[in-house]
Each structure stands twice: as structure tokens, then as C-alpha cells.
Amino acid sequence: MNYFSSTFKLGILGGGQLGKMLLTETRKFDIYTKVLDPSKEAPGRMACNEFHVGDLLDFDTVYEFGKNTDVLTIEIENVNINALEKLEQEGIKVYPPSRALRIIQNKATQKLFYTDHNIPTAAFTRFGYTNEIPDSLTNGGISFPFVWKAAQFGYDGQGVKVVKKLEDLDNLPNVECIAETMIPFKNELAVIVARNASGAMQTYPVVEMEFHPEANQVEYVLCPARVSQEIAEKATKVALNVAEKIAHVGLLAVELFLTQENNILVNEVAPRPHNSGHYSIEASYTNQFEQHIRAILGLPLGNTESKLAGIMVNLVGEEGHIGDVLYKNMDTILEMEGVTPHIYGKKKTRPFRKMGHVTIVNQHMEEARSIAEQVKNTVRVVSTNQIDK
């Protein structure tokens with residue numbers, strides 16, 4: 001099929017920042033794109049050929065949008081899978097496939113899949129509702145501390161809470177959830193796997209993630225991870241196994257724990273381009289967004305090696321600021337060597353909302369990490385209508 005400068009139509013469910021960056025690659029290849037997003041202000045609205053506003057979880061909306069595409073993909077996994085399944089039955093290519101999304105979309109189902117397929121992961125207990133947990137604690141089914149995770153609709157640290165005492169359950173939504181054993185890990189790692197419909201796979205280098213202690217969001221992503229070659233190979237092997245067992249098509253970001261005993265455990269996966277791969281836009285021969293396009297269209301997979309050490313710094317809304325966004329001290333970071341900011345196009349900020357990221361590339365990881373710290377301490381994402389503290 002001719003994808004370039006043709007009548008071929010690629011549909012994308014979701015027009016957030018991932019969709020916006022994905023569209024940069026489709027514009028490079030002159031691929032006709034349609035985007036569906038619930039917000040008329042979605043960042044991807046300006047970069048596609050057609051922009052539609054609608055509910056991604058509504059069957060009719062997703063079905064009607066998808067039936068006028070040749071290939072349909074996602075930038076967010078919270079979509080109506082029944083509609084995707086019907087589209088597949090009618091001959092529309094949906095990548096990742098609906099069967100893979102059914103496994104991944106629900107964290108309880110995802111964890112059960114790991115257990116059933118001998119994929120190493122932390123021990124967990126599944127609950128129909130959060131209010132069932134106290135009884136399990138009383139009866140010895142689980143014990144403190146543990147990690148509470150909502151089974152669905154969690155993102156960017158939302159839907160996750162470390163529970164150390166009974167009171168920590170207060171104000172949590174009464175939804176399907178899991179209670180996961182706390183892992184005393186040394187590092188949080190991630191491996192992005194690209195897989196096409198023929199089963200060909202490529203992996204990006206193992207990256208290391210540093211998290212904000214309060215927001216439970218990634219603050220820094222470092223590539224390559226500061227681990228031994230043996231650990232990197234072990235992590236990559238686990239990630240490849242997950243992608244193959246799920247029969248994924250597209251990009252699969254596999255988040256991992258490195259335990260104190262140097263074992264690798266799967267935390268969770270994301271079936272799309274991911275925060276842990278943003279560094280690749282500047283640092284890799286083939287960035288993750290181009291690679292996703294290559295994978296879902298059956299084009300040759302690109303070189304995933306890095307040209308330089310790369311670090312990604314998330315830009316999130318500052319605490320105490322809600323309203324029209326203002327990026328302070330951007331001139332200062334643009335004077336720094338190897339620094340490239342990416343602003344997502346969200347007009348309103350709020351505490352810990354992802355508003356952009358900055359990539360730092362350098363010949364040396366130590367220097368890149370030092371510059372990343374300067375960037376983090378320099379840029380401020382605040383609101384124009386509140387007093388600057």
C-alpha cells in the first residue's frame with residue numbers, strides 16, 4: 001500500500017501531547033491523518049488533516065470515526081475496545097490489536113496475564129472494590145505496606161497510592177483495584193519494544209527513571225541506564241518476552257523494577273509511545289514516534305541506537321498555580337548546551353500537570369545529568385493569574 005502523499009488515512013485515537021509528537025512524524029512522511037479527542041483544545045488539533053471531537057470511550061463515536069480509516073492506532077489506552085473489535089471484524093487494521101488492549105487496559109487483567117505466562121512481577125491481590133481491602137487486612141490476606149492501584153483509568157501518578165496504614169485508604173475511590181506487594185527496588189527501569197504484525201522486534205536501550213516523591217511522576221529519564229551490561233540484557237529479554245506473549249503491534253513501553261537481588265520484575269506496560277522514550281527525539285537515530293509509525297504500517301523498523309547520552313526532564317505545573325500557563329526562564333535554558341524544550345500546547349496549568357519536557361544530549365552522561373538538574377531548577381511552569389511565590 002502507498003502511504004505517502006496518497007489517499008491512505010491513518011486514524012489516531014487521542015490528540016494529547018503523544019498524539020502531537022506522533023503527528024510530527026506523519027507530517028514528515030506526508031501521511032493523511034484523522035484525530036479523535038474529547039477536547040477541542042487538544043494539543044494535536046493543529047497538526048492533523050482532520051480533527052474530530054468525541055468521547056474515546058463511547059462505542060458509536062469510536063466506531064464511526066474508525067470505519068473511515070485504513071489503519072487505526074492510539075495515543076492513549078483508555079478507549080472503547082468493543083468498537084475496535086468490531087472495526088477489526090470489518091477489515092480495519094487496528095494497532096495495537098484489541099486483544100492486546102484488553103489485556104493491558106485493566107491493571108488487574110494485566111497482572112493476571114503476567115502470572116499466567118510466567119512473567120516475573122510483584123505479588124498482588126485483586127479486589128472488586130477498595131472497601132474490601134480492610135477485611136483482607138484483618139484476615140491476613142494482605143499486610144502493610146502495599147501499593148494500591150486502580151484497575152482502570154490511572155495515569156501520570158493518578159490512581160496509585162502507597163498504603164502504610166489503614167487511614168491511607170481514606171478518600172480513595174471505591175473501584176476495582178489491586179493491592180501490590182511493595183518492592184524494595186534499587187532502580188526503576190524501562191525498555192521500549194517495537195514490534196510489527198509479522199513479529200519482527202527492535203528494542204531501545206534500557207533507560208533509568210527517577211520519580212518525583214510526592215506526585216509519583218517521572219522527573220528524569222536517563223539513557224542509557226546506569227546499570228551493568230548483564231542487567232541491561234536481562235531487562236531487555238524480559239521486555240521482549242512481554243511484547244511477544246501479548247502479541248503487540250506498535251510500541252510497547254515495559255516498566256521494570258530492578259530488585260536488591262538484581263532480579264527484574266515487570267511493573268506495568270503502556271501500549272504506545274511513552275514518556276520514557278521522549279529522549280529519543282534528539283538522542284536516537286530513529287525516535288520512538290517514527291518507530292511506532294514504521295511498526296504499525298509494516299515498514300522496516302529503524303535503528304534504535306543512541307547517538308549521544310540523552311536525558312529527559314518533565315515540565316509539570318508548579319504547586320499553587322492554576323490557570324493560564326506561563327513558562328518562566330526559558331531563555332536561560334536555551335543558552336545551555338544540548339538543551340531542547342518541547343512545549344505541548346496546553347493553555348491551562350495545574351499542579352503536576354505535564355506541560356512539556358526538555359531533552360538534554362551530551363557526549364557524557366555525567367555532564368548531561370548535571371545540565372538536566374540545572375534545567376529542572378531553572379524552568380518554572382506557573383500561571384499568569386496567581387501571585388508568584
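A brief structural summary.

Conventions used here
Residues numbered from 1 in each chain as written. Predicted model: local features only at pLDDT ≥ 70, side-chain atom pairs only at ≥ 80, totals over all residues. Heavy atoms only, no water. Pairing = 2+ DSSP bridges. Helix = DSSP H or I, 4+ residues; strand = E, 2+ residues; numbered from the N terminus. Axes fitted to C-alpha atoms, helices over the stretch in contact; angles between N-to-C directions. Contact = heavy atoms within 4.5 Å. Parallel < 35°, antiparallel > 145°, perpendicular 65-115°, else oblique. Nonpolar A, V, L, I, M, F, W, Y, C, P; charged D, E, K, R; others polar.

Examining the sheet that holds strand β9 (residues 177-181)
(1) Moving on: Ordered by their spatial adjacency, 4 strands build an open sheet running β6-β9-β7-β8, and the pairing between neighbours is antiparallel. Whereas interior strands pair on both sides, the edge strands pair on one side only; in this sheet they are β6 (124-127) and β8 (160-163). Taken pair by pair, the neighbouring strands of this sheet meet at an average axis angle of 20 degrees, ignoring direction.
(2) Moving on: Bridging between strand β7 (residues 146-150) and β9 involves 5 bridges; their strand directions are antiparallel. Bridge pairing in β9 places Val147 opposite Glu180.
(3) Moving on: Sheet strands touched by helix α5 (residues 107-116): β6, β7 and β9. Its angle to β6, the strand with the most contacts, is close to 140 degrees.

Some points on the packing of helix α4 (residues 98-105) against α5
(1) Moving on: As a packed pair, α4 and α5 sit with axes 5 Å apart at the nearest point and diverge in direction by 100 degrees. Looking at the two axes, α4 sits roughly perpendicular to α5. Here α4 contributes Arg102, Ile103, Ile104 and Gln105 to the contact with α5, which in turn contributes Lys107, Thr109, Gln110 and Phe113.
(2) Moving on: Taken together, the residues of the contact of α4 with α5 break down into 3 nonpolar, 3 polar and 2 charged.

Section: the sheet that holds strand β21 (residues 380-383)
Within a beta sheet, neighbouring strands are joined by backbone hydrogen bonds and run either parallel or antiparallel to one another.
(1) Moving on: Taken together, the 3 strands give an open sheet; going across it, the order is β19-β17-β21, and neighbouring strands pair in antiparallel fashion. Two strands bound the open sheet, and with one partner strand each, they are β19 (348-349) and β21.

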